[in-house]
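Chains, contacts and geometry: an overview
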Amino acid sequence: MKCVAATLMMAGGMLAGTLVPSQAAVLNTMDDVGDAIQACWTPPADAGNSTVTLSFSFKRNGSLIGPPRPTAVKVAGDDKARKAFIDAAIAAVKKCTPLAFSPALAQGVGGNVFTLQLVSPKK
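Residues numbered from 1 in each chain as written. Predicted model: local features only at pLDDT ≥ 70, side-chain atom pairs only at ≥ 80, totals over all residues. Heavy atoms only, no water.

1. Let's talk about the overall build of the protein
Where we set the bar: Labels follow the DSSP assignment, with helices taken as runs of H or I lasting at least four residues and strands as runs of E lasting at least two, numbered in each case from the N terminus. We call two residues contacting when some pair of their heavy atoms lies within 4.5 Å. The Shrake-Rupley method, run with a 1.4 Å probe sphere, supplies the accessible areas, and residue values consider only the shown protein chains as cover.
For the protein, the count of helices and strands is 3 helices and 4 strands. The secondary structure elements of the protein, listed N-terminal to C-terminal, are β-α-β-β-α-α-β. Partitioning the contacts of the protein with sequence separation of at least 6, the portion at a separation of at least 24 is 78%. When the accessible surface of the protein is totalled, it reaches about 6,700 Å², and 58% of it is carbon and sulfur.

Shown next as structure tokens:
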């Protein structure tokens with residue numbers, strides 16, 4: 001069966017709090033997943049108006065299948081700034097995983113490819 005690609009296009013963090021998402025409530029939707037990852041996102045202070053879109057897949061247990069990969073990047077600054085921005089975005093996804101998926105969500109996400117856009121400044 002072909003892997004179905006889904007897209008999470010989110011701009012800015014929507015959750016606040018001190019809990020690590022993997023320790024938070026069970027996630028029921030892909031919007032919940034995007035919100036949880038956005039909560040872990042801290043863009044570099046000098047990133048200006050930058051964006052990175054990452055592509056990644058989950059196992060049913062909420063862990064990643066391999067590292068996130070940048071698929072689209074628009075970063076203000078030089079190569080060093082670009083690398084720092086991409087590294088911060090990848091670190092946000094890794095820091096948040098494994099996530100706690102509901103049984104229904106876990107059945108639908110395993111092995112599918114998802115994309116998430118992270119932006120700066122974080123709104």
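2. Overview of the environment of Gly110
Summarising the element assignment, Gly110 is placed in the loop between α3 (103–109) and β4 (113–120). Beyond its immediate sequence surroundings of up to four residues, Gly110 is in contact with Phe58, Lys59 and Arg60.

3. Some points on helix α1 (residues 30–40)
Cut-off, in case you're wondering: In this scheme, a residue with accessible area under 20% of its type's maximum is buried, one over 50% is exposed, and one in between is partly exposed, where area comes from a 1.4 Å probe on protein chains only.
The element α1 is largely enclosed, with a buried count of 8 among its 11 residues. Regarding α1, the residues found buried are Met30, Val33, Gly34, Asp35, Ala36, Ile37, Gln38 and Cys40.

4. With respect to helix α2 (residues 79–96)
Which entries qualify depends on this criterion: In a helix, the anticipated span is given by 1.5 Å times the number of residues less one. Residues adjacent in sequence count toward polar contacts only when both atoms are side-chain atoms; beyond that, a polar contact is any pair of N or O atoms within 3.5 Å, and within protein one must be able to donate a hydrogen and the other to accept it.
Counted at 1.5 Å a residue, the expected span for α2 with its 18 residues is 26 Å, and the 26 Å between its end C-alpha atoms agrees. Along α2, the residues that are buried comprise Phe85, Ile86, Ala88, Ala89, Ile90, Ala92, Val93 and Cys96. On its buried face, α2 sits against α1, β2 (50–57), β3 (69–74) and β4. Backbone nitrogen of Lys80 and a side-chain oxygen of the N-cap are separated by 3.2 Å at the start of α2; the cap is Asp78.

5. What about the side chain of Ser120?
For Ser120, the position within the fold is in strand β4. Ser120 gets classed as buried once you look at its relative accessible area, which sits at 8%. Within the structure, Ser120 has its side chain in polar contact with the backbone oxygen of Gly48 (distance 3.3 Å). Once you skip the residues sitting within four places of it in the chain, Ser120 turns out to touch Pro43, Pro44, Ala47, Gly48, Asn49, Ser50 and Phe85.

6. Some remarks on the nonpolar core
Spelled out, the test is: The set of buried Ala, Val, Leu, Ile, Met, Phe, Trp, Tyr and Cys residues whose side-chain atoms join them within 4.5 Å is what this entry labels a nonpolar core.
Core analysis: the biggest nonpolar cluster contains 30 residues, and Val33, Ile37, Leu54, Phe56, Phe58, Leu99 and Phe101 have the highest contact counts within it. Elements that contribute at least two residues to this core include exactly α1, β2, α2, α3 and β4. A per-element tally of this core places α2 first, with 8 residues.

7. Section: the pairing of β2
Side-chain direction in a regular strand flips from residue to residue, so the side chains alternate between the two faces of the sheet. The criterion, for reference: Pairing between two strands requires that DSSP report at least two bridges joining them.
By the criterion of burial, β2 is predominantly enclosed, with 7 of the 8 residues buried. As paired elements, β2 and β4 share 8 bridges and run antiparallel to each other. Paired with Thr51 across the strands is Val119, a residue of β4. Across 5 bridges, β2 lies against β3 in antiparallel orientation. Looking at the pairing, Thr53 lines up with Ala72 of β3.

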